[in-house]
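One letter stands for each residue in the lines below.
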Amino acid sequence: MRRFGTVFLVLFLGVVLAGCAATKKKGGEVEVEDATISDTTDAASTDAASSGISSEDTTAGEIIAISEDSTDLDDPLGQRVIYFDFDSSNLTPEAQRVVEAHAQYLAGNPGMAVVLEGHADERGTREYNLALGEHRANTVNEILQGLGVAPDAIRTISYGEERPVSMGQDESAWSLNRRVEILY
Amino acid sequence: MRRIVAGMLLALSAGCVVLLPTSAFAALTIEITQGEGSGTPIAAVPFRWHGDTEPPEDIRAIIAADLHRSGRFDLLPAADFLSKPSEITEVRYKDWRLIKAEALVIGRVIEKGPDQFEVSFQLLDVYRERIKVGLRFSVSAAQLRQVAHQISDRIFYEMTGVRGAFDTRIAYVTMNQQDNGDRLYRLMVADSDGHDPQQILQTTNLPVLSPAWSPNGEWLAYVSFSNATSGANIWLQDINSGNRRTIAQVEGAASAPAWSPDGKWLALTISAKGNTDIYVLQVASGDIRQLTRHPAIDTEPAWSPDGRHLVFTSDRSGRPQIYRIGRNGGEVERLTRGGKENARASYDPSGKRLVMVTNRGTGAGYQIGVFSLASGEMELLTDGTLDESPTFSPNGAMILYATRLGRDGVLAAVSADGRVRQILKMHDGEVREPAWAASR
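The rules we used
Residues numbered from 1 in each chain as written. Chains lettered and ligands numbered in written order. Predicted model: local features only at pLDDT ≥ 70, side-chain atom pairs only at ≥ 80, totals over all residues. Heavy atoms only, no water. Helix = DSSP H or I, 4+ residues; strand = E, 2+ residues; numbered from the N terminus. Buried < 20%, exposed > 50% of the residue type's maximum accessible area, 1.4 Å probe, protein only. Contact = heavy atoms within 4.5 Å. Areas by Shrake-Rupley, 256 points an atom, 1.4 Å probe, with all protein chains shown as cover. Salt bridge = Lys/Arg side-chain N within 4 Å of Asp/Glu carboxyl O. Patch = residues over 30% accessible without salt bridge, like charges linked within 9 Å, V, L, I, M, F, W, Y side chains within 5 Å. Core = buried A, V, L, I, M, F, W, Y, C linked by side-chain atoms within 4.5 Å. Domains from an automatic or database assignment. Polar contact = N/O pair within 3.5 Å; in protein donor to acceptor, adjacent residues only side chain to side chain. Axes fitted to C-alpha atoms, helices over the stretch in contact; angles between N-to-C directions. Parallel < 35°, antiparallel > 145°, perpendicular 65-115°, else oblique. Left-handed = near helix turned anticlockwise from the far one by under 90°. Nonpolar A, V, L, I, M, F, W, Y, C, P; charged D, E, K, R; others polar. Pairing = 2+ DSSP bridges. Expected span 1.5 Å × (residues − 1). 1 Å grid on protein atoms, 1.4 Å probe; cavity = no way out; pocket = protein on both sides within 12 Å on 5 of 7 lines; lining within 4 Å. Points joined across faces, edges and corners; volume = space filled by probe spheres on them.

K.L.:
Would you take a moment to explain the overall build of chain B for this structure?
P.N.:
The helix and strand tally for chain B stands at four helices and 31 strands. Burial statistics for chain B: of 440 residues in total, 60% are counted as buried. In chain B, 43% of the contacts between residues at least 6 apart in sequence involve partners at least 24 apart.

K.L.:
How should I be thinking about the overall build of chain A in this particular structure?
P.N.:
Of the regular secondary structure elements, chain A holds six helices and six strands. Here chain A holds 184 residues, and 51% of them are scored as buried. Partitioning the intrachain contacts of chain A with sequence separation of at least 6 by distance along the chain shows that 68% fall at a separation of at least 24. When the accessible surface of chain A is summed, it comes to about 8,500 Å², and 55% of that surface belongs to carbon and sulfur atoms.

K.L.:
I keep staring at the pattern of salt bridges and nothing clicks. Help me out?
P.N.:
Should their charged atoms come close, side chains of opposite charge can pair. All names here are of chain B. Taken as a whole and judged by the stated rule, the model has 31 salt bridges over all chains. Notably, a salt bridge pairs Glu57 with Arg145, separated by 3.6 Å at the nearest N-O pair. One end of the pair, Glu57, is in the loop between β3 (48–50) and α2 (59–69); the other, Arg145, is in helix α4 (residues 144–160), with 88 residues separating them in the sequence. An identical accessibility class is assigned to Glu57 and Arg145; each is buried.

K.L.:
I'm lost on a nonpolar patch on the surface in this one. Help?
P.N.:
All names here are of chain A. Taken together, the side chains of Tyr83, Val165 and Leu176 define a hydrophobic patch exposed on the protein surface, amounting to about 250 Å² of accessible area. Tracing the backbone through its elements, the reader meets Tyr83 in strand β3 (residues 81–83). Under the relative-accessibility criterion, Tyr83 is labelled partly exposed at 37%.

K.L.:
It is not clear to me how the nonpolar core should be interpreted in this structure. Could you clarify?
P.N.:
A general feature of soluble globular proteins is that nonpolar side chains tend to end up buried together. All names here are of chain B. One finds Phe47, Val119, Ile151 and Ile155 to be the most contacted residues of the largest nonpolar core, which totals 38 residues. Looking at this core element by element, the count peaks at six residues for α4. In terms of domain composition, this core takes at least three residues from each of domain 1 (37–160) and domain 2 (169–436). Every residue in contact with Val119, bar those within four places of it in the chain, is listed here: Phe47, Arg108, Val109, Leu135, Arg136, Phe137, Val139, Leu144, Val147 and Ile151.

K.L.:
In this structure, what is going on with the environment of Gln290 of chain B? I would like to understand it.
P.N.:
Residue and element names in this part refer to chain B. Mapping Gln290 onto the fold places it in strand β18 (residues 288–290). In this structure, the C-alpha to C-alpha distance between Gln290 and Thr269, residues 21 residues apart in sequence, is 9.5 Å. Other than its neighbours up to four places away in sequence, Gln290 contacts Asp277, Ile278 and Tyr279. Among the polar contacts listed, one links the side chain of Gln290 to the backbone oxygen of Thr292, at a separation of 3.0 Å.

K.L.:
Honestly, the packing of α2 of chain B against α4 of chain B in this entry has me stumped. Any pointers?
P.N.:
If you want to describe how two helices pack, look at the angle between their axes and the distance between the axes. Residue and element names in this part refer to chain B. For the pair α2 and α4, the least separation of the axes is 9 Å and the interaxial angle reads 45°. Between α2 and α4, the angle falls in the class oblique. Handedness of the crossing formed by α2 with α4: right-handed. The residues of α4 that touch α2, namely those facing Ile59, Ile62, Ile63, Asp66 and Leu67, are Leu144, Arg145, Ala148, His149, Ile151, Ser152 and Ile155. Its residues assigned to classes, the contact of α2 with α4 comprises eight nonpolar, two polar and two charged.

K.L.:
Explanation requested: the sheet that holds strand β23 (residues 341–347) of chain B in the structure shown.
P.N.:
Strand-to-strand pairing in sheets goes through backbone hydrogen bonds, with the strands running parallel or antiparallel. Residue and element names in this part refer to chain B. What the four strands build is an open sheet, ordered β23-β24-β25-β26; its pairing is antiparallel. The sheet terminates laterally at β23 and β26 (378–380), the two strands that pair on one side only. Strand-to-strand, the axes of this sheet are offset by a mean angle of 30°, without reference to chain direction. Across six bridges, strand β24 (residues 353–359) lies against strand β25 (residues 367–372) in antiparallel orientation. Bridging across to β25, Leu354 finds its partner in Phe371.

K.L.:
Is there a simple way to explain unusual backbone geometry in this structure?
P.N.:
Outside of glycine, negative phi angles account for most residues, and trans bonds account for most peptide bonds. All names here are of chain B. Positioned with a positive phi, Asp196 is a non-glycine residue whose angle comes to about 55°. Within the secondary structure layout, Asp196 lies in the loop between β9 (183–191) and β10 (198–204). Phi at Glu433 takes a positive value of approximately 55°, unusual for a residue other than glycine. Here Glu433 shows up in strand β31 (residues 430–436). Taking the relative accessible area as the measure of exposure, Glu433 reaches 0% and is therefore buried.

K.L.:
Looking at this model, I keep getting lost on helix α4 (residues 93–108) of chain A. Mind explaining?
P.N.:
The periodicity of an α-helix, 3.6 residues per turn, causes residues three or four positions apart to be oriented the same way. Residue and element names in this part refer to chain A. Compared with an ideal rise of 1.5 Å per residue, which puts 16 residues at 22 Å, α4 spans 23 Å between its outermost C-alpha atoms and is within 8% of the ideal. For α4, the complete set of buried residues consists of Ala95, Val98, Val99, Ala101, His102, Ala103 and Leu106. Against the buried residues of α4 lie β3, β4 (114–119), α5 (126–146) and β6 (179–183).

K.L.:
Sorry, what's going on with the pairing of strand β16 (residues 265–272) of chain B here?
P.N.:
For a regular strand, the rule is simple: side chains alternate between the two faces of the sheet. Residues and elements named next belong to chain B. The element β16 is largely enclosed, with a buried count of seven among its eight residues. Of the pairings in the sheet, the one linking strand β15 (residues 253–259) to β16 comprises five bridges and is antiparallel in character. Bridging across to β16, Ala253 finds its partner in Ser271. Joining the antiparallel neighbours β15 and β16 is a turn of five residues, in which Gly263 adopts a positive phi near 75°. Pairing analysis gives eight bridges linking β16 to strand β17 (residues 275–282), with the strands arranged antiparallel. The partner of Ala267 across the bridge, within β17, is Val280. Hairpin connection between β16 and β17: a loop of two residues separates the two successive antiparallel strands, and Lys273 in this loop has a positive phi of roughly 50°.

K.L.:
Can you help me understand the packing of α4 of chain A against α5 of chain A in this one?
P.N.:
Residues and elements named next belong to chain A. With their axes 9 Å apart at the nearest point, α4 and α5 run at an angle of 50° to one another. Regarding the angle of α4 to α5, the classification is oblique. Our pair here, α4 against α5, has a crossing hand that is right-handed. For the pair α4 and α5, the contacting residues are Gln96, Val99, His102, Ala103 and Leu106 in the first and Val140, Ile143 and Leu144 in the second.

K.L.:
Looking at this structure, I do not really get empty space enclosed by the protein. What am I missing?
P.N.:
Gaps between atoms show up when a probe of the same size as a water molecule is rolled over them. Overall, the coordinates contain seven cavities of 30 Å³ or more when judged by the stated rule. Of the pockets and cavities examined, the largest cavity occupies roughly 140 Å³. Taken together, 16 residues make up the lining of the largest cavity; nearest its centre are Arg126 and Glu161 of chain A together with Leu386, Glu388 and Arg404 of chain B. Going through the elements one at a time, β28 (398–405) and β31 of chain B are the ones with two or more residues in the lining of the largest cavity. A per-class count over the lining of the largest cavity returns four nonpolar, three polar and nine charged. Of the pockets and cavities examined, the second largest cavity occupies roughly 90 Å³. Residue lining of the second largest cavity: Arg69, Ser70, Phe156, Gly164, Ala165, Phe166, Ser192, Ser393, Asn395, Ala397, Met398 and Trp436 of chain B, and that is the complete set. Taken together, the residues of the lining of the second largest cavity sort by class into six nonpolar, five polar and one charged. Mapping the lining of the second largest cavity onto the domain boundaries places at least three of its residues in each of domain 1 (37–160) and domain 2 (169–436) of chain B.

Structure (structure tokens):
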């Protein structure tokens, strides 16, 4: 690739303006935030209005779920992330064991509900990966149901490649991102 | 010049303490990374300015950048010009033959009154010594950039026989990771050269992807999420009013919207009960019909320009490949056979070529390729490892796509012949998911 020349057409602006508060909206624009898993939903949106966009922390729920994983690695019920091979929705024997433990727990605790969150690594197109995450979540869903978990105790959702846990661009990062998270 | 405009904007923003995130422009800069000197040699003389203050825009610079970006022209350096005419009576054709210009662009900008400008230009054939086209515009300062793009469009058409696509808009998504881990997504609309970015949607931790322009350029369909527990859904947003709605409630996750050429239908993907298929939805009525029925993943539909077919990605043969189906369903035909994976195909305006993401299976990852429907041959246009989301310009002359520059997600544009490439990058954060509007 030959460097031909550089033309700067637009200069900065973003940073200065981004910190400002939202008091009024221009015609063609919409603002949405995911505050559903935050336990301070109302406070978060008020904060956003008065002190800027970056004040919300809405991922607390997920962070707790992941940190619980490390508490007991030998207990399959303590493992709440299932990992997959590239472009595959099939479970490894180890993953199968983990899912079965959750099935047993859920079947024995009617009233408990679970969200299965499917994810993909960044390779392949975004829309294909959205579907792949859906298929991965559904694979886990079918096993749970096959082992007696009530269908209405399970919800599936896919984020495709949009919510990686590891930002690297190699197999070690990708293998962590190809996953289904079991969220109670 | 430009520094003055930027300085004014900065002064304006600094004075306004309560600022709207709506005016938080995510700035894109364009960097031409690759260009070959085999286009038509053309000379564009700086437009003569008749006015009291400084000219609000450098019309010649905008035109020159447009023409260069297309890959079809070689802009001769102004330093080589032997004269600087702005009117036909001042042109000595010999001066231009000497520097081997085939065409000459001259023009002027006259300040007629407060915020009132007259722009005129002429495109001259140097060898035949005659005017190919001349136009005059009366505009405000805010319209000067658009006029420059319209002049570029006219020059492109006169020189190539293909209509220009400079006076068009693009949409794209930006993502900024905040210090607290939040991911801030913005759906942006800008001129085709990245100028004048407008934010039309902002979400926190709710991904935004797959923006798709309605054929009339008034609506964007895109995929996002309502909250952390409901799946992907498709929104339709009027980009002028900001009004938006989700498509008729479907069971399961909806994604990958694609407008039919007449704007009356949306093709989309619905994932329900572990199955992912292509559907078509009548926008006005919300009526929905299933098009593909296969246990594999079928997604990323795109309409042929005549509206009679759709292409889509399916992994029914193992890996993702491109297939075609009639708009009313029927037999599914596999189109791509070469390469390990092919995905996210869309037609060029002629309907003869598809642009897509391809993995040739050589370990080089994902590039953008153009596939000829007649020959079945694929031509690789890019050399990245994670190139994705290609979108043709409305005239088929350029392809905009998402790529990586180091660890950053940036947009890149490549001429359809692969000769000229440029990067559009943000000051900060990732840019992705470009979509080129069919009309302004």
